[in-house]
Amino acid sequence: MGISEVARAASKRPTVAKADDWYALAERVTAEIDAARHGDRESIYRRIAVEMGVSIHVPRRLARAYRFLAEAETWNVGDLPERLRTQPLTCISTLARWSTYGPDRAMRAAQRL
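Residues numbered from 1 in each chain as written. Predicted model: local features only at pLDDT ≥ 70, side-chain atom pairs only at ≥ 80, totals over all residues. Heavy atoms only, no water.

*Asks:* Lay out the packing of helix H4 (residues 57-72) against helix H6 (residues 89-99) in plain terms, naming residues and giving numbers.
*Replies:* The geometry of H4 relative to H6 is characterised by a closest axis approach of 8 Å and an angle of 70 degrees between their N-to-C directions. It follows that H4 is roughly perpendicular to H6 by the angle criterion. Here H4 and H6 pass one another in a crossing that is left-handed. For the pair H4 and H6, contact is made by Arg61, Leu62, Arg64, Ala65, Phe68 and Leu69 and by Leu89, Ile92, Ser93, Leu95, Ala96, Arg97 and Ser99, respectively. Split by residue class, the contact of H4 with H6 holds eight nonpolar, two polar and three charged. (Axes fitted to C-alpha atoms, helices over the stretch in contact; angles between N-to-C directions. Helix = DSSP H or I, 4+ residues; strand = E, 2+ residues; numbered from the N terminus. Parallel < 35°, antiparallel > 145°, perpendicular 65-115°, else oblique. Left-handed = near helix turned anticlockwise from the far one by under 90°. Contact = heavy atoms within 4.5 Å. Nonpolar A, V, L, I, M, F, W, Y, C, P; charged D, E, K, R; others polar.)

*Asks:* Mind laying out helix H7 (residues 103-112), listing which residues take part and the relevant values?
*Replies:* Within the sequence span of H7, burial applies to Ala106, Ala109 and Ala110. Down the axis of H7, the sector holding all buried residues measures 105 degrees, keeping them to one side. Exposed residues on H7 whose side chains face more than 90 degrees from its buried face are Asp104, Arg105 and Arg112. In this structure, the buried residues of H7 make contact with helix H5 (80-85) and H6. (Buried < 20%, exposed > 50% of the residue type's maximum accessible area, 1.4 Å probe, protein only. Arc of directions from axis to C-beta.)

*Asks:* Help me get a handle on unusual backbone geometry, residues and values and all.
*Replies:* At Asn76, a residue that is not glycine, the phi angle is positive and equals roughly 55 degrees. Mapped onto the fold, Asn76 is located in the loop between H4 and H5. What makes Asn76 exposed here is its relative accessible area of 73%.

Here you go:
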């Protein structure tokens, strides 16, 4: 397969990282995970990934980003959670990971988005 074929295939790959629609999907994923028993979570992540046609990591990132925004609502920083919902999933997922070991810095970075 040449470079042009790889580029064409990559451009047709499904994405959920667009800023305008990832939050609703993250809400659905998180609701399903929260309703599941602990031992069932992995199979739910797999099922959702297969349904979406994406890597198993995508539903995990969606859930992590959703939980991060739920936490951001407790920060009392105005409309920050609403503004963050309009950002791409990649940004919010990165902030969510960052907040586990540097919550103050992650919050300051979030405010700059």
